[in-house]
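Topology and contacts: notes
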Amino acid sequence: MVDTTPLTRAVEHFADKLRAAPQSRLQRGAAAEALGLARELARWAQAVEEPGAESREMPDAGMFAVADQITVAGNDLAVVLTNDAEVGDAVRLVEEAQKRAGV
């Protein structure tokens, strides 16, 4: 079994930063960046779980919900990853999105 702890830690760290961010920072793009990440992680998990199926898009639940959305999507992905390289790729996605979000 693959250790997905680095991914869950990265996701939780980003989510905590989003929850602590001021509304103005969320409005200036942090929320949009987080939603983009949540959608990307969700698509990845869906592709692993249902190869060939039409991808569903995570809805925009508002800027105050994006921390929860990346947490859910990240944890869903962590369940289906099969090797350390995939975990590393997912962690990099999260860390890059957090940098772009500025939180």
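This text gives an overview of the structure that appears in the document. Every value quoted in this text rests on a predicted model; they were computed, and no experiment measured them.

1. What about the nonpolar core?
One finds Leu-7, Phe-14, Leu-18, Leu-37, Ile-70, Leu-77 and Val-94 to be the most contacted residues of the largest nonpolar core, which totals 34 residues. Secondary structure elements with two or more residues in this core: helix H1 (5-20), helix H2 (23-49), helix H3 (66-80) and helix H4 (84-101). With 10 residues, the single largest contributor to this core is H2. Excluding residues within four positions of it along the chain, Leu-7 makes contact with Gly-74, Leu-77, Ala-78, Leu-81, Val-87, Ala-90, Val-91 and Val-94.

2. A closer look at the side chain of Gln-69
On the secondary structure map, Gln-69 appears in helix H3. Classification of Gln-69 by relative accessible area gives buried; the value is 9%. The residues touching Gln-69, leaving out its near neighbours within four places in the chain, are Leu-35, Ala-38, Met-58, Pro-59 and Ala-61.

3. A few points about the packing of H1 against H4
Their axes nearest at 9 Å, the elements H1 and H4 cross at an angle of 15 degrees. As the angle between them shows, H1 and H4 are arranged roughly parallel. As H1 runs across H4, the sense of the crossing is left-handed. Residues Pro-6, Leu-7, Ala-10, Val-11, His-13, Phe-14 and Lys-17 of H1 form the contact with H4, whose own contacting residues are Val-87, Ala-90, Val-91, Val-94, Ala-97, Gln-98 and Ala-101. In the contact of H1 with H4, the residues fall into 11 nonpolar, 2 polar and 1 charged.

Rules used throughout
Residues numbered from 1 in each chain as written. Predicted model: local features only at pLDDT ≥ 70, side-chain atom pairs only at ≥ 80, totals over all residues. Heavy atoms only, no water. Core = buried A, V, L, I, M, F, W, Y, C linked by side-chain atoms within 4.5 Å. Buried < 20%, exposed > 50% of the residue type's maximum accessible area, 1.4 Å probe, protein only. Helix = DSSP H or I, 4+ residues; strand = E, 2+ residues; numbered from the N terminus. Contact = heavy atoms within 4.5 Å. Axes fitted to C-alpha atoms, helices over the stretch in contact; angles between N-to-C directions. Parallel < 35°, antiparallel > 145°, perpendicular 65-115°, else oblique. Left-handed = near helix turned anticlockwise from the far one by under 90°. Nonpolar A, V, L, I, M, F, W, Y, C, P; charged D, E, K, R; others polar.

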